[in-house]
Amino acid sequence: MTASSARQINLVGGIITLLTLIIAVLWAFPIYWGIVSSLKPENEVVRPYIELWPETLTFEHYIFALTETQIGRWYINSIATAVGATILTISTSMLVGYALSQLRFPLRRPLYWLILASFMVPTQTLIINHFVLVANMGLLNTWAGIILPQLINPVVIIVYKQFFDQVPRDFREAAVMDNAGEFRILFKVYMPMNWGVTTALAIVTFIWSWNSFLWPFLAVTKTEMMTITVGITQVSDAFGVYYASQLAAAVLAGLPVALAYLLFQRRVTQAITLSAGIKG
Amino acid sequence: MLRNTRRETLVALVLIAPFLAIYGLTFVYPTVAMVNLSFTDAPLIGPGQWVGFDNYTRLAGERRFDTAFWNTAYFVALSVIPGTFVAMVIALGVSRLTGRMQALVLALFFLPYILPVSVVYRLWDWTLNFQFGIAMYVFDIWGIERVPIFKTTTWFMPAVAFVTIWWTCGFSILLFLAGLRAIPAEIYEAASLDNTGRWTMFRRITWPLLWPVTALVTTIQLILQLKIFDQVYLFSTGGRPNDNLVLVYYIFQRAFVNNQGGRAAAIAVVLFLIVVIVSVLNFQLMRLAERRK
């Protein structure tokens, strides 16, 4: 390779890197723009030119959203349903994953097929019958009703099964020698070895649940029972056509999941690649 | 070591009991009930008369079903392959970076994927706002005439597809990056000894070795976008929902607006079958590809 062609290749590489950086900044710009707009007074927001920083920084829209609307109530609903869905999903999936991975029992193969089948079924098509079911159980407008259909999450089971499969057999045999029961083996041997993946799965299950829209939107008709994801789009009179207030509410709705991602970046990306069937 | 089969079965049953109860209630039962419902003229809640295949035959000549079906297909075409392509290009760029720089840039691309759809809707509704949206100032500067994007049928689907790609691309980028990391560096080193150009390297090494990930990303996107509803619904508010119908939206309209549970269930079964067929085909193709290895 001659010196000049090597320099040329480095130049092309540099341009590609520079382009990547520019696109990355542009990509995140709408998020930045939303946040900045929510910090401007309403009359500055609608100025017909681009101001990348507010002339007068104000938190009035956040104070308005938090005190004058039901956003606090929606926050509680979102936290309660997302935490509930996460705990139930993780605990039931962990047990099934363990049974599939470590135990031999007659229903094992049909059970596995049921789980694989539920991967393929689009839950969006089940909304009618989910609604009928939850209505008949008297659970519309309740946290339990919002949570229930969100518990179909086969990915978590499969990931647990794969991780339990990888635990060396010696651990299990040693524990069985000590006369430990299955529950003891699961909680004293298998779970402590897999806290990492449990944290990862719990965080993304929380994020998925917080972000779910269609079902919470159908299951709730009372304003005070809405989750924040649904609430900020449904109660427009609370914010009027005040763009800055709407954006402040949106920032508040996105903040918990954005923070969860930024704090646990590696865990989140690990769980998401695992959920697509790629070993992270 | 002897296994106590009966004890093991019993323990297994205890372990899977909560799961079976939940799946029976929220998955198996609703699926059977949906198929059943689609053969009746029942309202959303309450009993109905058996009408055979009537609900299905009616779909054939229906204008709204036609719109919903073709809009879904149009949306899939606009989002799946372009989205995969954009994600691959970005992943190639990001993979050149290292360490903290890569983590930062990846976070910028990935952050939208973490946000709830309603936040995405607010951000883009603001950015593309006809009167005050920052995108419209850019239009003005370039001398393009402003358009009320989400109020015109021509612009609606492309714009929603664009927002969807922006929103979900981070996920595909992540998968492509995992795929790129799995390609051994020695192959590139060997190729650069042979004085191979950048483009040839991509075409002869990266592209073929990345093919399984590309197939995976495309099918995940395809199955996901067939089920589109949230964005279309949100961006349609105040616009023209009947022109922007997609299949899930139509199920929602029939069931929850027109109170026709039976007719809605028939649409649901059609979409259900489409998604299951695509999934099974994909599953078989993956198995075939695996065997060829």
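Small disclaimer: the values here were computed from a predicted structure and weren't measured.

Could you clarify how one ought to interpret the overall build of chain A in this entry?
On a plain count of helices and strands, chain A comes out with 15 helices and 0 strands. Taken over C-alpha atoms, the radius of gyration comes to 24 Å for chain A, far larger than the 19 Å a tight globule of 280 residues would show. Summarising its shape, the C-alpha atoms of chain A cover approximately 75 × 75 × 35 Å along the three principal directions. In chain A, of all internal contacts separated by at least 6 residues, the share reaching a separation of at least 24 is 75%.

Please explain the interface of chain A and chain B as it appears in this structure.
Accessible area lost upon the coming together of the parts is a frequently used measure of interface size. Counting residues at the interface gives 78 residues for chain A and 71 residues for chain B. Looking at the side of chain A that touches chain B residue by residue, the class counts come to 56 nonpolar, 19 polar and 3 charged.

Looking at this structure, how should I read the nonpolar core?
Soluble globular proteins tend to pack their nonpolar side chains together in the buried interior. A:Ile128, B:Ile173, B:Val246, B:Tyr249, B:Ile251, B:Ile267 and B:Ala268 are the most contacted members of the largest nonpolar core, which has 155 residues in total. If one sorts the elements of this core by residue count, helix α7 (residues 153-181) of chain B sits on top with 14 residues. Residue-level mapping places this core at the junction of two domains, with at least three residues from each of domain 1 (3-60) and domain 2 (62-275) of chain A. The contact partners of B:Ile251, leaving out residues within four places of it in the chain, are A:Thr125, A:Ile127, A:Ile128, B:Ala264, B:Ile267 and B:Ala268.

Whenever I open this one, the domain arrangement of chain A confuses me. Can you help?
Residue and element names in this part refer to chain A. Here chain A is described as being made up of domain 1 (3-60) and domain 2 (62-275). If you average the C-alpha positions of domain 1 and of domain 2, the two centres end up 34 Å apart. Listed by partner, the interface residues are 9 residues for domain 1 and 10 residues for domain 2. Of all the elements in the fold, those that place two or more residues in the side of domain 1 that touches domain 2 are α1 (3-38) and α2 (42-45).

Explain unusual backbone geometry to me, please; I cannot follow it from the model alone.
As a rule of thumb, non-glycine residues mostly have phi less than zero, and peptide bonds are mostly trans rather than cis. Residue and element names in this part refer to chain A. Phi at Asn179 takes a positive value of approximately 65 degrees, unusual for a residue other than glycine. As for its placement among the helices and strands, Asn179 is situated in the loop between α9 (169-177) and α10 (182-193). Given 7 C-beta atoms within 10 Å, Asn179 falls into the exposed group.

Sorry, what's going on with the confidence of the model for chain A here?
In low-pLDDT regions, the fine details of the predicted coordinates are not to be read closely. Averaged over every residue, the pLDDT of chain A is 89; residues scoring 70 or more account for 94%. Confidence, expressed as mean pLDDT per element, reaches its minimum in chain A at α2(A) with 84 and its maximum at helix α7 (residues 143-147) of chain A with 97.

How should the packing of helix α14 (residues 243-263) of chain A against helix α5 (residues 117-127) of chain B be read in this particular structure?
Between two packed helices, the angle of one axis relative to the other and the distance separating the axes together describe the packing. With their axes 9 Å apart at the nearest point, α14(A) and α5(B) run at an angle of 150 degrees to one another. When the axis of α14(A) is compared with that of α5(B), the two are roughly antiparallel. Like other packed secondary-structure pairs, α14(A) and α5(B) cross with a definite hand, here left-handed. Where α14(A) approaches α5(B), its residues A:Tyr243, A:Gln246, A:Leu247, A:Ala250, A:Ala253 and A:Gly254 are matched on the opposing element by B:Ser118, B:Val119, B:Arg122, B:Leu123 and B:Trp126.

Would you explain the environment of A:Ala180 in this entry?
Residues and elements named next belong to chain A. One can find Ala180 in the loop between α9 and α10. Owing to 16 C-beta atoms within 10 Å, Ala180 belongs among the partly exposed residues under this scheme. Taking C-alpha positions, Ala180 is 44 Å from Leu255, a pair spaced 75 residues apart along the chain. Excluding residues that lie within four positions of it along the chain, Ala180 makes contacts with Ala175 and Ile185.

How each quantity is defined
Residues numbered from 1 in each chain as written. Chains lettered and ligands numbered in written order. Predicted model: local features only at pLDDT ≥ 70, side-chain atom pairs only at ≥ 80, totals over all residues. Helix = DSSP H or I, 4+ residues; strand = E, 2+ residues; numbered from the N terminus. Rg over C-alpha atoms; globule rule 2.2 N^0.38 Å. Contact = placed C-beta atoms within 7 Å. Nonpolar A, V, L, I, M, F, W, Y, C, P; charged D, E, K, R; others polar. Core = buried A, V, L, I, M, F, W, Y, C linked by C-beta atoms within 7 Å. Buried ≥ 20, exposed ≤ 12 C-beta atoms within 10 Å, placed from the backbone. Domains from an automatic or database assignment. pLDDT = per-residue confidence, 0-100. Axes fitted to C-alpha atoms, helices over the stretch in contact; angles between N-to-C directions. Parallel < 35°, antiparallel > 145°, perpendicular 65-115°, else oblique. Left-handed = near helix turned anticlockwise from the far one by under 90°.

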